[in-house]
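The chain contents come next:
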Amino acid sequence: MPSKDLSHIAPEALDERQAKAELKRLAAEIAAHDKRYYQEDAPTISDAEYDALRQRNAAIEARYPHLVRPDSPSRRVGAAPAAKFAKVHHAVPMLSLDNAFSDADVRDFIGRIRRFLRLPEDEEIVFSAEPKIDGLSISLRYEVGELVTGATRGDGSVGEDVTANLKTLKDIPHRIAGKGVPEICEVRGEVYMSKQAFLALNKRQAETGGQVFANPRNSAAGSLRQKDPLITASRPLGFFAYAWGEMSRMPADTQSGMAHWFRSSGFKTNPLTKMCRSVDELLEFHRKIEAERATLDYDIDGVVYKVDRLDWQRRLGFVSRNPRWAIAHKFPAEKAMTIVKDIEIQVGRTGALTPVAKLEPVTVGGVVVQNATLHNADEIARLGVRIGDTVRIQRAGDVIPQVLGVVEERPRGAHAYRFPTRCPCHLHTEVVRDKTATGEEGAVARCSGEFACPFQAVEHLKHFVSRRAFDIDGLGEKQIELFYQRGWVKEPADIFTLEARNKHIRLQEVEGFGEVSVRNLFAAIAARREIPLERFIYALGIRHVGETTATALARGYGAWAAFHEACRKLAKGDEEAKEEMDALDQIGDTVIESLRDYFSEAHNVRRIERLAAEVRILDAEKPARESPVAGKTVVFTGALEKMTRDEAKAMAERLGAKVAGSVSRKTDYVVAGPGAGSKLDKAREAGVNVLTEEEWFALVGERG
Ligand code: IVH
């Protein structure tokens, strides 16, 4: 018999038996939300709803202290998952794929490859086309044929050691068989749970009161991150091999050859993989797999196209975190209908006010959706959406659900939403619309309060501690909100003075913390007192300075002092500093203007100085120290004959050089092909080393 719903009874009205049942339910529910929030980045309830659950738990515990459970949420900080795994540094980073959503995107992808490799139109490019499995990627390291480490992807550079759990999968060999196995092999691929196994598992879990998963991907992830390998063993997980990391020797020179080698070594590869020789064949493959999607026993969310020739893959290399030689062609988003219960405003890091539709919960593609973005006031007007309307929504991959349109208006009850003219924060600061380049009113409404606006300040702090920024263990969004509310952390520098101030704060006595977690937190903060320059710049959360830009700036200036000085000069209107920055690869006017604005604000400069005094900012890594052009600035001009301009640029960067767009005092080499014009003249005038393409190849010691 299903247990009675007690969630509407006030804590003080519960009798002891009911309180016990409620604490059990709350422990399970909060743990599930923590997991979605911290480990899957996919919360299904709002922060306020989450806080209400925790408060209810605390209120019941206060009334019945002897009923506090060993697994009570009040004994844990945020997720702090029971299972802690050792960290594994991936020898070769595990990267992700760029997405194509339309046929035109696929044509562009091929066009880019042709241009990059400068292939004539009639030169055939063979692709390996495979389903994109919706599971979780892992890396298996074999040394002298023996499986030594199995790790999750993590953030791409550092994953979690789940070797013992992976060894329970029947699709993962403990030894690689066969003659001439390379000494080091890292086999990568996707762990997944079949749809049938997922449904059966959820049924079992529901019957036994265990955790019920939203979709097969979550259940595969949950099953793999078990502390007890026996639990993993009881969960039917499969594995398809499709990529590799470090290899001491390559057993093949094509993607398909590697797949063949995977199979002969005892792995499974996806049986639907097909070689395609034209864009039409790729698109045909996409259509065919999409039609078969529902009949497959595992979830897929698109197909992946990979250039088959590995020498071409190597030449194409990577841009940011994605290979140029592969793309994921996604299936169209899944859609559903539901009712808009309310519209709320969220204030982001840059002060942008985003209206969010609060929805009647609905399942879209296996995930419960309760919120959807409405972007801005214009979008609300365009859609004509009112509170109470039935709308069509869609979820595309990891993208936040969107409202597509109103399906049915509620004749009565539905009422129009009035976009606020003041920020919902306690300051009620005026909201200002952005201006477009032509001076017209833009779509984005922003709170003008900056750091004085608590929403913006908190979002800034959340960004600061996020995974790709300072990444402080045990300091997630929930803790930041708490610390901010209590006035303990108002700006980044405060994080580093927290321990010294703890005499007065006494964090260990705050609900949800304890001696151990506080000690761990301070250790995690201390561990981040050294930070690579590119992470530091990214963590500042300056508009238009994302990860790629931060890396480009870090490489360009090498050290914090140089970058900081350049920005301060920029803020004072120094033209030379501006030109120098402009000459850096990937840095344009938008970034320069944004940096200038940021460093023109005295309070920003002070915040940064306070922060910089607390940490040691490590100089940017030089990617290839032995390379003769590492750290040099190179300008390519004129027509190149052996490689395309893009390829030349990528190659120089791989070798640690900076590629600039114009010649300046800082230029070390100008590589000039036929037809080089003013840049060559300027180089000669400035006495810069001018090389032919052949001389460049001779210098760097690569093929010519
Ligand atoms: S190739 C350099 N092939 O998709 C990247 N990835 O968005 C090599 N995935 O993290 C990845 N099926 O988890 C590749 N057949 C397939 C895949 C696949 C699923 C996942 C993988 C990756 C993500 C990229």
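Our subject is the structure that appears above.
These numbers were taken from a predicted model, which means no experiment stands behind them.

What counts as what
- Residue positions are given per chain, counting from 1 as you read along its sequence in written order.
- In view of the model being predicted, local features appear only for residues whose pLDDT reaches at least 70, and side-chain atom pairs are presented and counted only at 80 or more, with totals across whole chains, interfaces and linings using the full set of residues.
- Side-chain numbers here rest on the full set of heavy atoms in the structure, without hydrogens or water.
- For the purposes of this entry, the term helix denotes a DSSP run of H or I that reaches at least four residues, the term strand denotes a run of E that reaches at least two, and both are numbered from the N terminus.
- The reference for a compact globule is 2.2 Å times residues^0.38; the radius of gyration itself is calculated from the C-alpha atoms.
- Methods summary: accessible areas were calculated by the Shrake-Rupley approach with a probe of 1.4 Å, and residue burial reflects only the protein chains presented.
- Only four residue types enter the tally: Lys and Arg on the positive side, Asp and Glu on the negative side, with His and both chain ends excluded.
- Charged side chains are reduced to one point each, which is NZ for Lys, CZ for Arg, CG for Asp and CD for Glu.
- Throughout this document, a residue counts as near a molecule or strand when at least one of its heavy atoms sits within 4 Å of that molecule or strand.
- Two N or O atoms count as a polar contact when they lie within 3.5 Å, although within protein this holds only if one can serve as hydrogen donor and the other as acceptor, and sequence-adjacent residues are included solely when both atoms are side-chain atoms.
- Accessible area is worked out with a 1.4 Å probe on protein chains only. A residue is then buried under 20% of its type maximum, exposed over 50%, and partly exposed in between.
- The rule for pairing is simple: two strands pair if DSSP sees at least two bridges between them.
- For patch detection, residues must exceed 30% relative accessible area and be free of salt bridges, and they are connected within 9 Å for like charges or within 5 Å for nonpolar side chains (Val, Leu, Ile, Met, Phe, Trp, Tyr).
- A carboxyl oxygen of Asp or Glu within 4 Å of a side-chain nitrogen of Lys or Arg is what we treat as a salt bridge.
- Using only the protein atoms, space was sampled on a 1 Å grid; points where a 1.4 Å probe fits but cannot get out form cavities, open sets with protein on both sides within 12 Å along at least five of seven lines form pockets, and lining residues are those with an atom within 4 Å of a point.
- Grid points are joined across faces, edges and corners, and a volume is the space filled by probe spheres set on the points.
- Residues are sorted three ways: Asp, Glu, Lys and Arg are charged, Ala, Val, Leu, Ile, Met, Phe, Trp, Tyr, Cys and Pro are nonpolar, and all the rest, Gly among them, are polar.
- By this rule, a helix spans an expected 1.5 Å times one less than how many residues it contains.
- Think of the arc as the fan of directions from the helix axis to the C-beta atoms.
- Contacts are assigned to residue pairs that have any heavy atoms within 4.5 Å of one another.
- The disulfide criterion used throughout: a pair of cysteine sulfur atoms within 2.5 Å.
- Axes here mean lines fitted to C-alpha atoms, for a helix over just the part in contact, with angles spanning 0 to 180 degrees between N-to-C directions.
- Roughly parallel covers angles under 35 degrees, roughly antiparallel covers those over 145, roughly perpendicular covers 65 to 115, and oblique covers all other angles.
- Only Phe, Tyr and Trp rings take part, Trp by its six-membered ring, and two of them pair if their centres are within 6.5 Å. Stacked means planes under 30 degrees apart, edge-to-face means over 60, and tilted covers everything else.
- Sitting over a ring, as applied to charges here, requires NZ of Lys or CZ of Arg to be within 6 Å of the ring centre and within 35 degrees of the ring normal.

Overview of the overall build of the protein
Right, so step 1: Counting its secondary structure elements, the protein contains 24 helices and 26 strands.
Right, so step 2: Taken against the 2.2 N^0.38 rule, which gives 27 Å for 704 residues, the C-alpha radius of gyration of the protein at 28 Å falls within 12% of a compact globule.
Right, so step 3: Accessible area for the protein stands at about 34,400 Å²; split by element, carbon and sulfur atoms hold 50% of it.
Right, so step 4: Averaged over its 103 positive side-chain charges, the protein has a centre that lies 3 Å from the centre of its 104 negative ones.

Considerations on the site of the ligand
Right, so step 1: Every one of the 14 residues lining the ligand counts as a neighbour, but E130, I133, E190, Y242 and K306 are closest to it.
Right, so step 2: For the ligand, a nitrogen atom lies 3.0 Å from a polar atom in the backbone of I133.
Right, so step 3: In the environment of the ligand, an oxygen atom lies 3.3 Å from a nitrogen or oxygen atom belonging to the side chain of Y242.
Right, so step 4: For the ligand, whose unbound accessible area comes to 530 Å², protein coverage reaches 87%.
Right, so step 5: Contributing elements (two or more residues each) for the shell around the ligand: β3 (127-133) and β10 (300-307).

Considering the pairing of strand β8 (residues 237-247)
Right, so step 1: Summarising burial for β8: eight of the eleven residues are buried, a large majority.
Right, so step 2: Across eight bridges, the pairing between strand β7 (residues 184-193) and β8 is antiparallel. By the bridge assignment for β8, Y192 is matched with G238.

Details of a negative patch on the surface
Right, so step 1: A cluster of like negative charges, contributed by E575, E579, D582, D589 and E593, occupies part of the molecular surface.
Right, so step 2: For the negative patch, the secondary structure elements donating two or more residues are α19 (575-582) and α20 (589-600).
Right, so step 3: Looking at which element gives the most residues to the negative patch, the answer is α19, with three residues.
Right, so step 4: Within the secondary structure, E593 is located in helix α20.

Some thoughts on empty space enclosed by the protein
Right, so step 1: Under the criterion given, the structure shown has three cavities of 30 Å³ or more.
Right, so step 2: The space that makes up the largest cavity amounts to roughly 140 Å³.
Right, so step 3: In terms of lining, the largest cavity is formed by 14 residues, of which the most central are F451, P492, L540, Y598 and R607.
Right, so step 4: If you tally residues by element for the lining of the largest cavity, the top one is helix α12 (residues 454-465), at four residues.
Right, so step 5: Split into classes, the residues belonging to the lining of the largest cavity amount to ten nonpolar, one polar and three charged.

Some thoughts on helix α5 (residues 195-208)
Residues three or four positions apart in an α-helix share a direction because the helix packs 3.6 residues into each turn.
Right, so step 1: Here α5 contains 14 residues, and its C-alpha end-to-end distance of 20 Å stays within 8% of the 20 Å for a straight helix at 1.5 Å per residue.
Right, so step 2: Of all the positions in α5, only A197, F198, L201, N202 and Q205 are classed as buried. One side of α5 carries all its buried residues, which in axial view fall inside an arc of 130 degrees. Opposite the buried face of α5, at more than 90 degrees from it, the exposed residues are Q196, L199, K203, A206 and E207.
Right, so step 3: The inward-facing, buried residues of α5 abut β7 and α6 (216-224).

As for the state of the cysteines
Linking two cysteines covalently via their sulfur atoms produces the bond known as a disulfide.
Right, so step 1: Summed over the entire model, instances satisfying the criterion amount to zero disulfides.
Right, so step 2: Here C453 stays unpaired: no disulfide links it, and the sulfur of C447, its closest cysteine neighbor, is 3.9 Å away.
Right, so step 3: The class of C453 is buried, set by a relative accessible area of 0%.

A few points about helix α3 (residues 103-117)
Right, so step 1: Compared with an ideal rise of 1.5 Å per residue, which puts 15 residues at 21 Å, α3 spans 22 Å between its outermost C-alpha atoms and is within 8% of the ideal.
Right, so step 2: Looking one or two residues past α3, R118 carries a phi angle of roughly 50 degrees, positive in sign.

A word on the packing of helix α18 (residues 560-571) against α20
A pair of packed helices is characterised by two quantities: the angle between their axes and the separation of those axes.
Right, so step 1: Two elements in contact, α18 and α20, have axes whose closest approach is 8 Å; the angle formed by their N-to-C orientations is 85 degrees. As summarised for this structure, α18 and α20 are arranged roughly perpendicular, according to the angle between their axes. When α18 is examined against α20, the residues F563, H564, C567, L570 and A571 are found in contact with a partner set consisting of I592, L595, R596, F599 and S600.
Right, so step 2: When its residues are assigned to classes, the contact of α18 with α20 shows seven nonpolar, two polar and one charged.

Quick notes on the sheet that holds strand β4 (residues 136-143)
Right, so step 1: Taken in spatial order, the four strands make up an open sheet running β5-β4-β7-β8, and their pairing is antiparallel. Of all the strands in the sheet, the pair left with one neighbour each is β5 (146-152) and β8. Adjacent strand axes in the sheet meet at a mean angle of 25 degrees, parallel and antiparallel pairs treated alike.
Right, so step 2: As defined by bridge partners, β4 adjoins β5 across six bridges and the pair is classed as antiparallel. When the bridges of β5 are listed, S139 appears paired with A151.
Right, so step 3: Strands in contact with α6 are β4, β7 and β8; relative to β7, the strand with the most contacts, it is inclined by about 125 degrees.

Considering the side chain of Q456
Right, so step 1: With respect to the secondary-structure elements, Q456 resides in helix α12.
Right, so step 2: Classification of Q456 as buried rests on a relative accessible area of 4%.
Right, so step 3: A polar side-chain atom of Q456 sits 3.4 Å from the main-chain amide nitrogen of G351.
Right, so step 4: Excluding its chain neighbours within four sequence positions, the residues that come into contact with Q456 are V347, G348, R349, T350, G351, C447, G449 and E450.

Re the pattern of salt bridges
Right, so step 1: Tallied over the full model, the rule gives 39 salt bridges.
Right, so step 2: A salt bridge links R114 to E121, with the nearest nitrogen and oxygen atoms 3.9 Å apart.
Right, so step 3: Two residues, R382 and E379, come together in a salt bridge whose shortest N-O distance is 3.0 Å. Here R382 and its partner E379 are both found in helix α11 (residues 377-383), three residues apart, which amounts to about one turn of the helix.

Digging into the sheet that holds strand β23 (residues 633-637)
Right, so step 1: Here four strands make up an open sheet; going across it, the order is β24-β23-β25-β26 and the pairing parallel. Looking at the sheet topology across the chains shown, the edges are occupied by β24 (658-659) and β26 (689-691).
Right, so step 2: By the bridge criterion, two bridges tie β23 to β24 in an arrangement that is parallel. Paired with T633 across the bridge in β24 is K658.

Some thoughts on the packing of aromatic side chains
Right, so step 1: Tallied over the entire structure, the rule returns 22 aromatic pairs.
Right, so step 2: Where F483 meets W488, the ring centres are 5.8 Å apart and the plane angle is 55 degrees; that geometry is what we call tilted. W488 shares its class with F483; the two are buried.
Right, so step 3: For K490, the ring lying beneath its charged end belongs to Y484, and the centroid distance is 4.0 Å.
Right, so step 4: The ring of F451 carries the charged tip of R607 above its face, separated from the ring centre by 3.6 Å.

Concerning the packing of α12 against helix α14 (residues 492-505)
Right, so step 1: Between α12 and α14, the least distance of the axes is 9 Å, while the angle of their chain directions is 70 degrees. As summarised for this structure, α12 and α14 are arranged roughly perpendicular, according to the angle between their axes. From α12, L461, F464 and V465 reach across to α14, where they touch P492, I495 and F496.

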